[in-house]
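Summary of the model geometry
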Amino acid sequence: MRKKQELSSETLAFLEEEMRSYPRIGFLKAVAEKRENNKSVDYYNNLEKDINNAFDELQGDLQEIVKECLWGKDRHLDWETIGAVYLGVKRRKAYEIRYQILEELALKKGMLIR
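Let me sum up the structure you'll find in this document.

In this section: the pattern of salt bridges. Within the structure shown, the criterion is met by twelve salt bridges. A salt bridge links lysine 109 to glutamate 18; the shortest N-O distance between them is 3.2 Å. Of this pair, lysine 109 sits in the segment after helix 6 (91-108) while glutamate 18 is found in helix 1 (residues 9-20), placing the two residues 91 residues apart along the sequence. Residue lysine 109 is classed as partly exposed on the basis of its relative accessible area, which comes to 25%. The exposure class assigned to glutamate 18 is buried, which follows from its relative accessible area of 3%. With its nearest N and O atoms 4.0 Å apart, the salt bridge here joins lysine 73 to glutamate 68. Judged by its relative accessible area of 28%, glutamate 68 falls in the partly exposed class. Through salt bridges with shared partners, a single ionic network connects Glu16, Arg20 and Arg98.

This is the structure we're talking about:
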(Lines give C-alpha, C1' and ligand atoms only; values in the text may rest on other atoms or scores of the structure.)
Protein backbone atom coordinates (compact mmCIF):
# COMPACT_ATOMS: atom_id res chain seq x y z
CA MET A 1 0.00 0.00 0.00
CA ARG A 2 1.32 3.42 -1.01
CA LYS A 3 1.85 6.03 1.70
CA LYS A 4 -0.38 9.09 1.39
CA GLN A 5 1.44 12.23 0.26
CA GLU A 6 1.60 15.01 2.82
CA LEU A 7 1.88 18.75 2.32
CA SER A 8 4.52 20.53 4.42
CA SER A 9 3.62 23.48 6.60
CA GLU A 10 5.56 25.75 4.21
CA THR A 11 3.61 24.42 1.22
CA LEU A 12 0.32 24.84 3.07
CA ALA A 13 1.19 28.45 3.91
CA PHE A 14 2.05 29.11 0.24
CA LEU A 15 -1.19 27.50 -0.96
CA GLU A 16 -3.23 29.46 1.55
CA GLU A 17 -1.62 32.70 0.41
CA GLU A 18 -2.46 31.82 -3.20
CA MET A 19 -6.04 30.89 -2.29
CA ARG A 20 -6.49 34.13 -0.34
CA SER A 21 -5.14 36.12 -3.31
CA TYR A 22 -8.06 35.04 -5.52
CA PRO A 23 -10.10 38.27 -5.14
CA ARG A 24 -7.06 40.29 -6.32
CA ILE A 25 -6.11 38.14 -9.33
CA GLY A 26 -7.93 40.39 -11.82
CA PHE A 27 -6.01 43.42 -10.57
CA LEU A 28 -2.70 41.52 -10.52
CA LYS A 29 -3.26 40.34 -14.11
CA ALA A 30 -4.03 43.90 -15.23
CA VAL A 31 -0.80 45.18 -13.67
CA ALA A 32 1.18 42.37 -15.32
CA GLU A 33 -0.44 43.10 -18.70
CA LYS A 34 0.36 46.80 -18.38
CA ARG A 35 4.00 45.90 -17.73
CA GLU A 36 3.85 43.43 -20.64
CA ASN A 37 5.01 40.64 -18.35
CA ASN A 38 3.59 37.59 -20.14
CA LYS A 39 5.02 35.10 -17.62
CA SER A 40 3.11 36.80 -14.81
CA VAL A 41 -0.08 36.96 -16.86
CA ASP A 42 0.24 33.24 -17.61
CA TYR A 43 0.89 32.53 -13.93
CA TYR A 44 -2.23 34.43 -12.82
CA ASN A 45 -4.36 32.84 -15.56
CA ASN A 46 -3.26 29.37 -14.42
CA LEU A 47 -3.70 30.24 -10.75
CA GLU A 48 -7.22 31.52 -11.38
CA LYS A 49 -8.10 28.36 -13.32
CA ASP A 50 -6.63 26.09 -10.61
CA ILE A 51 -8.45 27.92 -7.81
CA ASN A 52 -11.76 27.81 -9.72
CA ASN A 53 -11.34 24.08 -10.37
CA ALA A 54 -10.39 23.37 -6.75
CA PHE A 55 -13.31 25.46 -5.47
CA ASP A 56 -15.74 23.57 -7.72
CA GLU A 57 -14.55 20.25 -6.23
CA LEU A 58 -15.20 21.33 -2.63
CA GLN A 59 -18.41 20.41 -0.83
CA GLY A 60 -20.92 23.21 -0.37
CA ASP A 61 -20.07 23.86 3.29
CA LEU A 62 -16.37 24.17 2.46
CA GLN A 63 -17.19 26.49 -0.43
CA GLU A 64 -19.02 28.75 2.02
CA ILE A 65 -16.00 28.80 4.35
CA VAL A 66 -13.75 29.75 1.43
CA LYS A 67 -16.10 32.50 0.24
CA GLU A 68 -16.60 34.03 3.70
CA CYS A 69 -13.28 33.40 5.42
CA LEU A 70 -10.68 33.47 2.64
CA TRP A 71 -12.28 35.84 0.14
CA GLY A 72 -15.00 37.69 2.03
CA LYS A 73 -15.57 39.99 4.94
CA ASP A 74 -13.88 37.66 7.45
CA ARG A 75 -10.71 37.01 5.45
CA HIS A 76 -8.63 38.42 8.32
CA LEU A 77 -9.61 35.56 10.66
CA ASP A 78 -7.16 32.83 11.62
CA TRP A 79 -8.13 29.16 11.43
CA GLU A 80 -8.66 28.76 15.16
CA THR A 81 -11.23 31.58 15.05
CA ILE A 82 -12.80 30.24 11.83
CA GLY A 83 -13.19 26.89 13.57
CA ALA A 84 -14.79 28.40 16.66
CA VAL A 85 -17.04 30.97 14.96
CA TYR A 86 -18.05 29.32 11.69
CA LEU A 87 -17.66 25.62 12.34
CA GLY A 88 -18.06 25.17 16.08
CA VAL A 89 -14.93 23.01 16.23
CA LYS A 90 -11.62 23.09 18.06
CA ARG A 91 -8.31 24.19 16.58
CA ARG A 92 -7.20 20.73 15.42
CA LYS A 93 -10.39 20.11 13.45
CA ALA A 94 -10.24 23.61 11.93
CA TYR A 95 -6.75 22.86 10.63
CA GLU A 96 -7.92 19.52 9.22
CA ILE A 97 -10.57 21.43 7.27
CA ARG A 98 -7.93 23.92 6.11
CA TYR A 99 -5.83 20.98 4.92
CA GLN A 100 -8.79 19.58 2.95
CA ILE A 101 -9.31 22.88 1.16
CA LEU A 102 -5.65 23.44 0.37
CA GLU A 103 -5.08 19.81 -0.60
CA GLU A 104 -7.67 20.26 -3.35
CA LEU A 105 -5.76 23.27 -4.68
CA ALA A 106 -2.50 21.31 -4.52
CA LEU A 107 -4.11 18.54 -6.58
CA LYS A 108 -5.32 21.00 -9.21
CA LYS A 109 -1.87 22.62 -9.38
CA GLY A 110 -0.25 19.20 -9.89
CA MET A 111 1.63 19.34 -6.57
CA LEU A 112 -0.05 16.12 -5.38
CA ILE A 113 -1.31 13.04 -7.13
CA ARG A 114 -4.49 11.31 -6.03
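Let us look at unusual backbone geometry. It is generally the case that most residues other than glycine have a negative phi and that most peptide bonds are trans. Phi angles above zero are rare outside glycine, and glutamate 36 is one such case at about 55°. On the secondary structure map, glutamate 36 appears in the loop between helix 2 (25-34) and helix 3 (38-57). Look at glutamate 36 and you get exposed, because its relative accessible area is 67%.

Checked against the element boundaries, lysine 29 lands in helix 2. In contact with lysine 29, not counting residues within four places along its chain, are Val41, Tyr44, Asn45 and Glu48.

Cut-offs used in this document
- Residues numbered from 1 in each chain as written.
- Predicted model: local features only at pLDDT ≥ 70, side-chain atom pairs only at ≥ 80, totals over all residues.
- Heavy atoms only, no water.
- Salt bridge = Lys/Arg side-chain N within 4 Å of Asp/Glu carboxyl O.
- Helix = DSSP H or I, 4+ residues; strand = E, 2+ residues; numbered from the N terminus.
- Buried < 20%, exposed > 50% of the residue type's maximum accessible area, 1.4 Å probe, protein only.
- Contact = heavy atoms within 4.5 Å.

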